[in-house]
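Report on the structure
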Amino acid sequence: MLLLGFIDDVLDLRWSIKIAFSFLATLPLLVSYSGPTNIIVPKPLRGILDTSINLGYGYHAYMMLIAVFCTNSINIYAGINGLEVTQSIIVSCAVLVHNYIELGGSCPDQHLLSIFLMLPFLATSLGLLYYNWYGNHPITLDVA
């Protein structure tokens, strides 16, 4: 995905090509994934369904679609000052709140690790927001 971002900056690719390359970029992730393919059913639906559902290869399709969506959803707002980084800040705050709530659960170490990874991301995103917000540029050039 980093290579795709660099190529897009250099060549200014169309959206259709970027999305097609995003699907290709997820192939190494999908080929190397050997973990579980089940999902936990939300509590209100457990009366109708079981506690978890095994999706099999559908889980790989789900991972591919999520990876393409996550890499392109924020990038769509590029060029609108502060909007894409604000979206990142909102998502990181939601992840932090979720992990804080789940610290008392069955696997607190994973949630603590996620908190430790999200805090620097949030801090750097707040700095980026400050310098990327419209009209908030401390360095100005007077061109007469």
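Along each chain, numbering runs from 1 in the same order as the chain's sequence is written. Only residues with pLDDT of at least 70 are given local features in this predicted model, and only at 80 or more are side-chain atom pairs given and counted; all residues enter the totals for whole chains, interfaces and linings. The basis for every side-chain value is the complete set of heavy atoms in the structure, and neither hydrogens nor water enter the calculation.

1. A closer look at the layout of surface pockets
Space inside the largest pocket adds up to approximately 380 Å³. Around the largest pocket, the lining is made up of 14 residues, and of these M1, G5, T71, N72 and N75 lie nearest the centre. Comment: elements are numbered from the N terminus, with helices defined as DSSP H or I runs of at least four residues and strands as E runs of at least two. Looking at the lining of the largest pocket, the elements that each hand over two or more residues are α1 (2-11), α2 (15-25) and α4 (57-73). At five residues, α1 tops the list of elements feeding residues into the lining of the largest pocket. Here the second largest pocket is characterised by a volume of approximately 150 Å³. Here the term cavity refers to a set of points on a 1 Å grid, laid over the protein atoms alone, in which a 1.4 Å probe fits but cannot get out; the term pocket refers to an open set having protein on both sides within 12 Å along at least five of seven lines, with lining residues being those that place an atom within 4 Å of a point. Grid points are joined across faces, edges and corners, and a volume is the space filled by probe spheres set on the points.

2. Quick look at the side chain of S125
Relative to the elements of secondary structure, S125 occurs in helix α6 (residues 108-132). Only protein chains enter the accessibility calculation, which uses a 1.4 Å probe; a residue is then buried when its area is under 20% of its type maximum, exposed when over 50%, and partly exposed in between. Looking at S125, the relative accessible area reads 7%, which means it is buried. A polar contact of 2.8 Å, which involves the side chain of S125, links it to the backbone oxygen of F121. Contacts between residues were defined by any pair of non-hydrogen atoms, one from each residue, lying within 4.5 Å. Beyond its immediate chain neighbours, meaning those up to four positions away, S125 contacts V85 and I89. Pairs of N or O atoms are called polar contacts if they sit within 3.5 Å, as long as, within protein, a hydrogen donor faces a hydrogen acceptor (for residues adjacent in sequence, only side-chain-to-side-chain pairs).

3. Focus on the nonpolar core
One recurring pattern in soluble globular proteins: nonpolar side chains tend to sit buried together. Side-chain atoms within 4.5 Å are what join buried Ala, Val, Leu, Ile, Met, Phe, Trp, Tyr and Cys residues into a set we call a nonpolar core. Grouped together as the largest cluster of nonpolar side chains are seven residues: V85, I89, L96, I115, M118, L122 and L129. Looking at this core, the elements that each hand over two or more residues are α5 (83-101) and α6. Broken down by element, this core gets its largest block of residues, four residues, from α6. With residues up to four places along the chain from it excluded, the contact list for I89 reads L122, S125, L126 and L129.

4. Quick look at α4
Expected span of a helix: the number of residues minus one, times 1.5 Å. Over its 17 residues, α4 extends 24 Å from the first C-alpha to the last, a length consistent with the 24 Å expected when each residue adds 1.5 Å. Every buried residue of α4 is accounted for by Y59, H60, M63, A67, V68, N72 and S73. Buried residues along α4 sit in contact with α2, α3 (27-32), β1 (38-40) and α5.

5. Quick look at the environment of D8
Residue position: D8 is located in helix α1. With 102 residues separating them along the chain, D8 and Q110 place their C-alpha atoms 34 Å apart. With sequence-adjacent residues up to four places away left out, D8 is seen in contact with L13, K18 and N75.

All we've got here are geometric facts, nothing functional implied.
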